[in-house]
Structures are given as C-alpha cells and as structure tokens.
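Here is how the chains run, residue by residue.
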Amino acid sequence: MTMPKAPNQDTLWRRTARTPFVTSADLPDRADVVIVGGGFTGLTAARHLARAGKSVVVLERAALGEGASGQNAGFVVPNFALMDPPAVIAKLGEDRGGALLDLVSTGADAIYQTIRDEGITCDAEQPGWLNPAATPAAAQLLRQRADHWRARGRPVRFLEKEEIRQQTGMAIYEGALLDESGGTLHPLDYLTGLALAVERHGGKVIEHTPVTATRQDGDGWVVTTPAGQLRAGALLLCTNAFTEGAAGKLGRTTVPLRVYQVATKPIDAATVARISPDRRPVGDTRKNLFTYRLDRDNRLISGGMAALPWGAKARLGTAIVARLAQELSLPEVPETEVVWTGVAALTPDFLPRLHSLGRNGYAGIGCNGRGIALTAQLGRTLADAVLAGSAEGLPIPHRTARRIPLHGLTPVAASAGLIKARLTDAFSSSKD
Ligand SMILES: Cc1cc2nc3c(=O)[nH]c(=O)nc-3n(C[C@H](O)[C@H](O)[C@H](O)COP(=O)(O)OP(=O)(O)OC[C@H]3O[C@@H](n4cnc5c(N)ncnc54)[C@H](O)[C@@H]3O)c2cc1C
C-alpha cells in the first residue's frame, strides 16, 4: 500500500485553518529525545517531555497535518471502536485491562484540558458523543456498555428510542449510548496548537525532514535524515500507518485502512436544529458506519470507505452526500465543499500498543480510527516510558513488534471486509 504522498492535500481543515505554523530552526546535532512523526501522538509526547525539562526534537517527514492527524474528521471519542470493556478485561485481566480502560475513557477530557491549558484555538466543543443503535440487539449491547462505563465512573448513559430521535431527527434507531465527555474539534488547528505549545516549552518541531534510518548507539540513538544526523538519548517512533524510511518497522505491524471524508457546504439553521440540536457528533453501530458532525460554520462532515479503490474519491464523495441526504431526510442533496482521504492504522486486536525498539527507544500505535482522544493518552504514556527508562507497568499493552505477514495485501482484505459488512447490515436490517 502506498502511503499518502500528496503534499498539501486539499482538506476542509486546510481551507478553514486559523493557526499558522512556521517550522523552527535547523536540525541540531543532539537532543535528549528525538521523536519521529509530528502527528498528535508525537507532538503530545513532545509536549510532556518538554514540560518535564527534556530537550526534544520532533522530525516530521512533510508539512504538519499530512498524516492522519490532519486528515481525520475531528470526532473526539473516548473509547474503543471494536472492543467492549468486558472484552478488554477478559483479554488483559482486571488490573491491566482496568488501567487501560481508565486511560482510554479519560482521553477526551485530557484533550480538552490540554486545549484549555495551552490556549489552543481549534473550535473545541465537548457536548458529548452519540452512538445510536441500528438494531434491537445493538441497543441491548449499548445499554450494557453504558452500565459498564458508568460503573467505572464515566459520564455515559443510554438514551431511549425517542431521545435519540430528538437528537438526530432519525426514527430508525433503537436507542443510543451518550458519552458526555466526547465532542469535536478542528484537527489541524489542534495539531498546530500542540506544535506551538511544544516550541513554547523549549522543544523543536522540524517539518520536511524524513527520517530514513535509526540505529542504536551505546545507550542512545542516531537518526539519519537528508539534512544530516542527530544523536539523542532516547527515541520515540510515532509514525502511525506510514511505512517509508524509519517508519517501516512500525507501520507494517498494522493494517492500513483508507478512509474518505466529505464536507458539505453549510446547511441551514432549521435543519441543524432538527438533526443536531445539541451539536453532538454521531457515529452509529452499523458495520457500514454512518457518521456525521457539524463544523463551526454548520458544514456537515461525514465519511466512508471504498470497497474498490478505482475512482474512489469522486465516487465516495457523491455516495457519502447522497447517504447524508437520505439518512437525515434532508430536503435536497447538499452541495459538496471538499472530499479528502487518509489512512488509519488498525492493530489485529483493535487495542493500542507500545513497542520497545531497543534501549531507550519506544514506539506507540494503534488508535484504530478513534485516535484523537487516544493519542492524548498514547503520547503521554510514551513520554512516561522515556522518563521512567522503561515501558513496563504502563497502562498500554507492551508488545514485541511483529510485522503483519503479506502486509502489502492487507488493503485487499480490508475491501473484502467492507463488502461483507455492507451485506451484514443489509441482512440485519431486513431481519429486524
Ligand atoms: C480519514 C481519517 C479519519 C479519521 N477520523 C477520526 C476521527 O474523527 N476521530 C478520531 O478519534 N480518529 C480519527 N481518525 C484516526 C486518527 O486521525 C489517528 O488515529 C491519529 O491522528 C493518529 O495520530 P498519530 O500521530 O499516531 O499519526 P499521524 O497523524 O499519521 O502522524 C504520523 C506522522 O509521522 C510522519 N512520518 C511518517 N514517516 C516518517 C518518517 N520516516 N520521518 C519523519 N516523519 C514521518 C507522518 O508524515 C505523519 O505526520 C481518522 C483517521 C483517518 C485517516
């Protein structure tokens, strides 16, 4: 799979960004910590380390925002897409599983706290996140899931059929889970705000500097870039789904999933009041997920995946707005403002991971499409590993990095999975 190369891809976020970032100084010779990858994970780790007094350099292959952190849809969702609290406990045990659940479920609060602490202007809204159930069985599952999260002290509750109809204007749902800590933001402005915060705390964020290789050197690391080498006491690899240069050892441990996003032109106030009276972002339980949120100007943002890659951007753009119009009973198909795409990284068990790369070297990955809230915790945990000199005992599972066999073929499997999911949805709605 070729990772996203298009520089300056036209996205809603590039069109509406309010915070410019000008890259800092040239590559220094030395630093306490070098971080490869300037997405949410790398910049969050950098911010914590710089605040702890470390000299930190973040090296970013392209311009900030040309990874998933600048291409996502800006839904801040503090839970796992495909893992339930009991499944996490069953897999990791009460102590480690419980610690991971507590970490993940406080991810949205951590993000909004950082935004307040650093004064980041990024259209941050925390009205809660809605997860409507498309079938009675899904409603039953969400009712139990809400109970699990509430038992862990989280502000999560189940909404009955009529309540979710009032929240979405949609009569098809059987109920919904509401997590009051979720919300939305402008991802590129948040990313830029994080980079500016890193620099304010004394770190450096250097764009257009791909790391081609990393090697252990005694207790420390040497990283190689086209601009020269840098020696550091510790290395963090935060390159997500990418597989080029030094990123290959991490990216090939996950399945890349290409996702398309669409923003419409702003919609009218009466429709906003009907489909999103409290401006809560929505992501339902169907396998062929239906999602929508509003941006600050009331554009509708939604997304989807293509079963077949050919002509996918144009095809998906048309299909996603048509679906918005149909599902939300809009008076007409809204005009499209922009369609863009990015690659999310899925781990085989849908849980995030830390990997040791050697002495004082760590990698973190696995946000599984719910990365915004999770990167707040993954980045902090990576920083904690550097500060402690060990990843043992941290709440994110620590695994040996294993390349996925036949990694280049995984997009084909993802397409097959999507076709199956669409058939499953069609089948389950015809049964209910
Ligand atoms: C289209 C799309 C929509 C999504 N929507 C949502 C959403 O609404 N809500 C949500 O929670 N999550 C969403 N996600 C997931 C979320 O965006 C990611 O999980 C999150 O941004 C991951 O952050 P990251 O920093 O780990 O990775 P990235 O943002 O991908 O950052 C990795 C960085 O490493 C850099 N890099 C790679 N190789 C090198 C190298 N060799 N040298 C130097 N730099 C390198 C890349 O350029 C990139 O900037 C979405 C993902 C996609 C693709």
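Residues numbered from 1 in each chain as written. Predicted model: local features only at pLDDT ≥ 70, side-chain atom pairs only at ≥ 80, totals over all residues.

Around the ligand, the surrounding shell holds 43 residues, and the nearest of these are Gly37, Gly39, Gly67, Gly342 and Gly371. Elements supplying a minimum of two residues to the shell around the ligand: helix 2 (40-51), helix 3 (68-71), strand 12 (255-266), strand 16 (336-346) and helix 13 (371-388). By residue number, the principal contributor to the shell around the ligand is helix 13, which donates four residues. Its residues assigned to classes, the shell around the ligand comprises 20 nonpolar, 18 polar and five charged. (Near = placed C-beta within 6 Å. Helix = DSSP H or I, 4+ residues; strand = E, 2+ residues; numbered from the N terminus. Nonpolar A, V, L, I, M, F, W, Y, C, P; charged D, E, K, R; others polar.)

Despite not being glycine, Asp123 shows a phi value in the positive range, around 55 degrees. Within the secondary structure layout, Asp123 lies in the loop between helix 6 (107-118) and strand 4 (129-132). Taking the number of C-beta atoms within 10 Å as the measure of exposure, Asp123 has 16 and is therefore partly exposed. The phi dihedral of Ser329 falls on the positive side, at around 50 degrees, and the residue is not glycine. Considering the arrangement of structural elements, one finds Ser329 in the loop between helix 12 (312-327) and strand 16. On the basis of neighbour count, Ser329 is assigned to the exposed category, with 12 C-beta atoms found within 10 Å. (Buried ≥ 20, exposed ≤ 12 C-beta atoms within 10 Å, placed from the backbone.)

Here the focus is the nonpolar core. Nonpolar side chains tend to gather and get buried jointly when the protein is soluble and globular. Counting 120 residues, the largest nonpolar core has Val33, Val34, Ile35, Val56, Val198 and Leu236 as its most contacted members. Here this core gets nine residues from one element, more than from any other, and that element is helix 13. Beyond its immediate stretch of four places on either side in the chain, Val56 contacts Ala31, Asp32, Val33, Ile35, Ala46, Leu49, Ala50, Val198 and Gly203. (Core = buried A, V, L, I, M, F, W, Y, C linked by C-beta atoms within 7 Å. Contact = placed C-beta atoms within 7 Å.)

Time to look at helix 12. The end-to-end C-alpha distance of helix 12, which contains 16 residues, comes to 21 Å, matching closely the 22 Å that a straight helix rising 1.5 Å per residue would cover. Taken residue by residue, helix 12 has Leu316, Ile320, Val321 and Leu324 as its buried positions. Down the axis of helix 12, the sector holding all buried residues measures 125 degrees, keeping them to one side. In helix 12, the exposed positions that point more than 90 degrees away from the buried face belong to Ala314, Ala322 and Gln326. Residues of helix 12 that are buried sit in contact with strand 12, strand 14 (291-294), strand 15 (299-304) and strand 16. A positive backbone phi angle near 50 degrees is found at Ser329, which sits one or two residues after helix 12. (Expected span 1.5 Å × (residues − 1). Arc of directions from axis to C-beta.)

Turning next to the pairing of strand 4. Within a regular beta strand, the side chains point alternately toward one face of the sheet and then the other, so they alternate between its two faces. Of the two faces of strand 4, the one carrying Trp129 and Asn131 and the one carrying Leu130 and Pro132 are both buried. Note: strand 4 against strand 6 (residues 176-179), four bridges, orientation antiparallel. If you follow Trp129 over to strand 6, its bridge partner there is Asp179. (Pairing = 2+ DSSP bridges.)

For helix 9 (residues 187-200), built from 14 residues, the straight-helix expectation of 20 Å at 1.5 Å per residue is met to within 8% by its first-to-last C-alpha distance of 20 Å. With twelve of 14 residues buried, helix 9 is to be regarded as a mostly interior element. Three or more residues of helix 9 are buried, namely Pro187, Leu188, Asp189, Tyr190, Leu191, Thr192, Gly193, Leu194, Ala195, Ala197, Val198 and Glu199. Downstream of helix 9 by one or two residues, Gly202 has phi in the positive range, about 100 degrees.

Tracing the backbone shows Glu174 in the loop between helix 8 (161-168) and strand 6. The exposure class of Glu174 is buried, given the 20 C-beta atoms found within 10 Å. Separated by 34 residues in the primary sequence, Glu174 and Gln140 have C-alpha atoms spaced 9.1 Å apart.

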